[in-house]
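Here is what each chain is made of, one letter per residue.
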Amino acid sequence: MALKLVIGNKNYSSWSMRPWLALRANNIAFEEIFIPLYTGDADKQRILDVNPSGKVPALIDGDVTIWDSLAIIEYAAERFPEARLWPFDRAARAHARSISAEMHSGFMALRNECGMNLHRPIGAIALSDEARANIARIRQIWTGCRAAYGKFGPFLFGAFGAADAMFAPVVHRFRTYAIALEPEAQAYMDTMMSLPAFQEWTRAALAETIVIEKFETA
Ligand SMILES: N[C@@H](CCC(=O)N[C@@H](CS)C(=O)NCC(=O)O)C(=O)O
């Protein structure tokens, strides 16, 4: 039975993007179920019918439902070990899990001030000290990974993996909000933006016409 991935608007839903990319970049087949976000009670109920937390993404694998982006990626890594979503080396794997968890639970200022919105015209905005510190930390993570694992390939741990999927929406945020980066971090951005699955998500997001007003502030 085909996997089903329930996602929100590709233009805005950074949490949906992460597991979608982890699956698609590894050619793991799934059916996509799109539920528009913040339209009112009917669509919210459709999400609740799948996932009592009331959030997307959610993955349905037969009678198993997994919700929350990182839990879905962990499930995919177990279900499809050949995809090598986590690095083989234990220390590298621990590193990848640490930065993925850090992404999942942190960077609130960046998330709040630089919402993912692929339609937004590119341009810088004034950022808080907290958001600037978030950006500095992400640059440190990326350049640290590239220095340690660059010999294995162009992504954070060599080949595209779970940690890259977790950081992919940041690539859109940095691009849209014109964040200046050092060459190593910019090279990682370019690598991500040339990934076919990333481009597929981006094209679909740009084709969407639904506007969520509360995300159109910055
Ligand atoms: N920690 C969750 C966050 C999920 C989340 O906040 N999803 C948002 C969209 S990006 C959502 O479903 N919002 C709809 C709502 O709250 O009604 C994850 O990693 O999946």
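In this text, all values refer to a predicted model and were calculated from it rather than measured experimentally.

Peer 1: Would you take a moment to explain the sheet that holds strand β2 (residues 30–34) for this structure?
Peer 2: The strands making up a sheet associate through backbone hydrogen bonding, with each pair oriented either parallel or antiparallel. Pairing is mixed in the open sheet, where four strands are placed in the order β2-β1-β3-β4. A strand with exactly one partner marks an edge of an open sheet, and here the two such strands are β2 and β4 (64–67). The mean angle between the axes of side-by-side strands here comes to 20°, regardless of whether they run parallel or antiparallel. Both strand β3 (residues 58–61) and β4 contribute to a ladder of four bridges, which runs antiparallel. Bridge pairing in β4 links D61 to V64.

Peer 1: Explain helix α3 (residues 69–79) to me, please; I cannot follow it from the model alone.
Peer 2: Residues spaced three or four apart along an α-helix face the same direction, because each turn holds 3.6 residues. Within the span of α3, buried status applies to S69, L70, I72, I73, A76 and A77. For α3, the angular spread of buried residues about the axis comes to 160°, placing them on one side. Where the residues of α3 are buried, they touch β1 (3–7), α1 (14–24), β3, β4, α4 (90–105) and α7 (162–176).

Peer 1: What's the story with the layout of surface pockets in this structure? I'm lost.
Peer 2: Empty space among the atoms becomes apparent when a probe as large as a water molecule is rolled across them. In this structure, the largest pocket encloses a volume near 780 Å³. The wall of the largest pocket is formed by 33 residues, among which Y12, S14, W15, Y38 and F215 lie closest to the centre. For the lining of the largest pocket, the secondary-structure elements that each account for two or more residues are α1, α2 (41–50) and α5 (108–113). For the lining of the largest pocket, the per-class residue count stands at 14 nonpolar, 11 polar and eight charged. By volume, the second largest pocket is sized at about 290 Å³. Along the walls of the second largest pocket sit 17 residues, with W86, P87, F88, F157 and A159 positioned nearest its centre. Sorting elements by how many residues they give to the lining of the second largest pocket places α7 first, with three residues. The class makeup of the residues in the lining of the second largest pocket is 13 nonpolar, one polar and three charged.

Peer 1: Sorry if this is basic, but what is going on with the site of the ligand here?
Peer 2: Within the structure, the ligand sits among S13, W15, L37, Y38, K44, G54, K55, V56, P57, D68, S69 and H104. Within the side chain of K44, one N or O atom sits 2.7 Å away from an oxygen atom of the ligand. One of the side-chain N or O atoms of S69 is found 2.6 Å from an oxygen atom in the ligand. Considering the ligand on its own, with 520 Å² of exposed area, one finds that the protein chains cover 83% of that surface. In this structure the site holding the ligand corresponds to the largest pocket. Residue composition of the shell around the ligand, by class: five nonpolar, four polar and three charged.

Peer 1: So what exactly am I meant to see when it comes to the packing of helix α6 (residues 129–149) against α7 here?
Peer 2: For any two helices packed against each other, one specifies the inter-axial angle together with the distance between the axes. Contact geometry for α6 and α7: axes closest at 12 Å, N-to-C directions at 125°. Taken together, the axis directions place α6 and α7 in an arrangement best described as oblique. Between α6 and α7 lies a crossing of left-handed hand. Seen from α6, the contacting residues are I135, I138, I141 and W142; seen from α7, they are F167, V170, V171 and F174. Residue classes in the contact of α6 with α7 are distributed as eight nonpolar, no polar and no charged.

Peer 1: How do you make sense of the pairing of β2 when you look at a structure like this?
Peer 2: Each regular strand shows side chains that alternate between the opposite faces of the sheet. Taken together, the five bridges between β1 and β2 define a ladder with parallel strand orientation. Each residue of the ladder has a partner; that of V6, found in β2, is I33. Since β1 and β2 lie parallel, the crossover through α1 that links them has a hand, and here it is right-handed.

Peer 1: Would you take a moment to explain the nonpolar core for this structure?
Peer 2: Inside soluble globular proteins, nonpolar side chains tend to come together where they are buried. Among the nonpolar cores identified, the biggest contains 64 residues, and L21, W142, L156, F157, F167, F174 and M192 are the most heavily contacted of them. The element contributing the most residues to this core is α7, with nine residues. Residues in contact with F174, not counting those within four places in the same chain, are L110, I135, I138, W142, I179, L181 and M189.

Peer 1: Any chance you could explain α1 here in plain terms?
Peer 2: Within α1, nine of the 11 residues are buried, leaving the element largely enclosed by the surrounding structure. Within the span of α1, buried status applies to S14, S16, M17, R18, P19, W20, L21, A22 and L23.

Thresholds applied
Residues numbered from 1 in each chain as written. Predicted model: local features only at pLDDT ≥ 70, side-chain atom pairs only at ≥ 80, totals over all residues. Heavy atoms only, no water. Pairing = 2+ DSSP bridges. Helix = DSSP H or I, 4+ residues; strand = E, 2+ residues; numbered from the N terminus. Axes fitted to C-alpha atoms, helices over the stretch in contact; angles between N-to-C directions. Buried < 20%, exposed > 50% of the residue type's maximum accessible area, 1.4 Å probe, protein only. Arc of directions from axis to C-beta. Contact = heavy atoms within 4.5 Å. 1 Å grid on protein atoms, 1.4 Å probe; cavity = no way out; pocket = protein on both sides within 12 Å on 5 of 7 lines; lining within 4 Å. Points joined across faces, edges and corners; volume = space filled by probe spheres on them. Nonpolar A, V, L, I, M, F, W, Y, C, P; charged D, E, K, R; others polar. Near = heavy atom within 4 Å. Polar contact = N/O pair within 3.5 Å; in protein donor to acceptor, adjacent residues only side chain to side chain. Areas by Shrake-Rupley, 256 points an atom, 1.4 Å probe, with all protein chains shown as cover. Sits in = over half its atoms within 2 Å of the grid points. Parallel < 35°, antiparallel > 145°, perpendicular 65-115°, else oblique. Left-handed = near helix turned anticlockwise from the far one by under 90°. Right-handed = clockwise from strand over helix to strand, strands pointing away. Core = buried A, V, L, I, M, F, W, Y, C linked by side-chain atoms within 4.5 Å.

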